[in-house]
Each structure stands twice: as C-alpha cells, then as structure tokens.
Amino acid sequence: MRYRIHLPLLTILTHLVIMMTGCMEWDNGPDNDGPFEVRGSGLFIINEGNFQYGNATLSYYDPTDRKVENEIFIRANDMRLGDVAQSMTISDDGRGWIVVNHSHAVFAINTETFKECGRITGLPSPRYIHFINAHKAYVTQLWDNHIYIIDPTSYAITGTITVPDMEPENSSTEQMVQFGKYVFCTCWSYQNRVIKIDTETDQVINSLTVGIQPQSIALDANGKLWVLTDGGYEGSPYGYEAPTLCRIDPETMTVEMRFRFKMGSSPRSLQTNRARDTLYWLDDDVWRMSINETRPPLKPIIMSRDTKYYGLTIDPVNSEIYVADAIDYQQQGIIYRYTASGTFMESFYVGISPGAFCWKK
C-alpha cells in the first residue's frame, strides 16, 4: 500500500479495523469461466485495490502475444484475493507468493494455473517476502518491529527477527535484497535505517542510517547497494527532508555516494535492468542512470503523461520498461509499455491501483 493520507491517521484506522474484524474473510466471487492456464514467461501485475474494500486483484500479461488476463486469482479460485495486495515474489520451485497487506496473509499460487497452493496467515501487516532457501523465508511488516520467519513447505510461521532500537508503534521493515549470506532490509515508515541480517543466525548484526524513510533497495553488478529515501512528508513528527539516492558498501555498511533530490519530490520504485548496471526509478517521470555515474540525470527517459505513475518494472530479458498508472485510484489502472530506449509501444487496462509487478521467467 502506497499511502495517500498521512500515516498517523491511517495507523489509527488500521488498528481500529483490526480490532473490529480480527482477520479478513475471503468472499466468494462470481462463477469463474472454467479452467485456464498459461505457459512460458510473462508478467504478473499486482493491483492493490482500495483500502478496506477487499477488492485487490491479480492480472497476468503475455508480452509475446500482447494479451492480458485480469482478475485471474478470483477466476481460478472462486475467491477474492483480499484487502490491499502489496507485492509478489516467485520462489525457486515456481510458486508465486502474493503478499496481501491488510488481510494479514500471503497466498501461494501455481504460476501456470493461478490456483492456490497454500496460505500463510496471522501476519500483522505483511509487506514483502524474500526466500533464503526452500525451508526459510523472511516477511517484512508495517507497524511491527519484527520480521517474520516462514517455512514455505508448511506455510507456518517459525520465528521472528527483532529489529533493535525500534519501537513497535510506527515501526516498519520494507524491501529486501540478499548479498552472500546477508539480507539487507530498508526500515521505512518513521524510520531511517538499512539493517543487515545474518541468515544463518537470523539476527540483525549491523545497521546504517541513510535518511528519512528508506523505501526501496537494489543490488548492482558491482555488489553495491542502492537505496532511495522518500524524505517523509511536510508536518511529519519524524521529520521532513530532501529525498536521497545512496550507494552503500554492504561489507563495511558505509555510504559511498549520495545524490539529493529536490525538496518535495517523491522518488520511489527503484529498479535495475538484467545486467544490473543501470538504475531506474519514478519521480513524477521515469528516470534512468548508469551505476557508474557521478551525478544524477538531468532529464527523464520517459515523461509523465500528466497522471499518477504508481509502479515500475524492467523486463529482465530485453530491458523494456513498464509503468503503472493508477489514474484516480478508483477505476481500472493502465500499464504503459516502452522499449528499452523509452519509445511507447502499447498500453492495457488492469485492476484498481496497480502498484507492483512480478516477472515469471
């Protein structure tokens, strides 16, 4: 969920809903249109839906056939996905894992038939899932000072990682990348650190202050970490500053380079291409920069269509660019597809508030 109201109000609303409802009930949907499946590579689009409406959906796009299938989860399972779909990851065994934030759940699906394989429940407010091996995964949380440890074979919660120096209220862990045996995780809402976790001991062994609200993280071809901070918002009790893009040495946990954005800008959705030698991000427009640059780009690769760019992904094979447009967060969103050089190719409609992507290779 990428919040569009101030976090303190949303915190109150969320805790009230949790107290009143306990957990999400997944309503049955309309009769599905029979079995269907896909083969080969493609792109999953995770559509958040609207907070507390339970109208999150999943779409699938075939770049070769240029065909999109919408609402594939409910069509395959005769059951709604839930409230606020946040992210999706495909594990090495081919299962797709959809994190549904406000439903406190992670669904595992067959990525060819889209049918549910299993479900993890009882999570406070899950954000992202990262797989360590076949028997262990980490799930980050919003408004919780723990990362949950999951066994993907049994869909069970097996433990937690406590993040030091973080109070449970208004705390969070967010995106993760792995380098060697270490997982690096951004601490986003009302936080300012990147933490380093030893996956053998499941302990936080180091942290680095990078700036207010580090949101997204990427690992480049040189083994360096790149982190985008959003700077918070005006009037935030935690502070408000210019967003930054930092390059970090993961071994020494030091900032090697820092680029500052204009005050009030909102960079997000940091991505890399397949070679991991080029960075991409959203900040009204779509921006691109080589990892070897010493100054940020002066102009974007793709100009905004005077709308709300909400999500970004790069094709891992040919570096084509896909941008999600939430429009007004009420109607179906649009995905724009561009060549690697930024030339428009096509667009297609998906679900409400498309915010994340997952490539099926």
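Calculation notes
- Residues numbered from 1 in each chain as written.
- Predicted model: local features only at pLDDT ≥ 70, side-chain atom pairs only at ≥ 80, totals over all residues.
- Heavy atoms only, no water.
- Helix = DSSP H or I, 4+ residues; strand = E, 2+ residues; numbered from the N terminus.
- Buried < 20%, exposed > 50% of the residue type's maximum accessible area, 1.4 Å probe, protein only.
- Contact = heavy atoms within 4.5 Å.
- Disulfide = S-S within 2.5 Å.
- Pairing = 2+ DSSP bridges.
- Axes fitted to C-alpha atoms, helices over the stretch in contact; angles between N-to-C directions.

Visitor: Could you give an account of the side chain of Thr-111, naming the residues involved and the relevant values?
Guide: Within the secondary structure, Thr-111 sits in the loop between β6 (105–110) and β7 (116–120). Residue classification places Thr-111 among the buried positions, given a relative accessible area of 8%. Setting aside chain neighbours within four positions, we find Thr-111 in contact with Val-38, Phe-44, Ile-90, Gly-94, Arg-95, Gly-96 and Lys-360.

Visitor: Account for the state of the cysteines, with residues named and values stated.
Guide: A full pass over the atoms with the stated rule returns zero disulfides. Here Cys-187 is not disulfide-linked; the sulfur of Cys-185 is the nearest cysteine sulfur, at 5.4 Å. A relative accessible area of 0% means that Cys-187 is categorised as buried. Counting only cysteine sulfurs, Cys-187 is the nearest neighbor of Cys-246, a cysteine outside any disulfide, at a range of 14 Å.

Visitor: Talk me through the sheet that holds strand β12 (residues 176–179); I want residue IDs and the actual numbers.
Guide: Taken together, four strands build an open sheet; the order of strands is β12-β13-β14-β15 and the sheet is antiparallel. Looking at which strands have only one partner, the edges of the open sheet turn out to be β12 and β15 (203–209). Ignoring which end each strand starts from, the neighbouring axes of this sheet average 25° apart. Sheet topology places β12 next to strand β13 (residues 182–186); four bridges connect them, and they run antiparallel. Among the inter-strand pairings, Phe-179 is bridged to a residue of β13, identified as Tyr-182.

Visitor: So what about the sheet that holds strand β25 (residues 332–338)? Which residues, and what values?
Guide: A sheet is described by the order of its strands in space; here four strands give the open sequence β23-β24-β25-β26, paired in antiparallel fashion. One side of each edge strand has no neighbouring strand; the edge strands of this open sheet are β23 (309–314) and β26 (344–352). Ignoring strand direction, the axes of neighbouring strands in this sheet form an average angle of 20°. Judged from the five bridges that link them, β23 and strand β24 (residues 321–325) form a sheet pairing that is antiparallel. The residue of β24 that forms the bridge with Tyr-309 is Asp-325.

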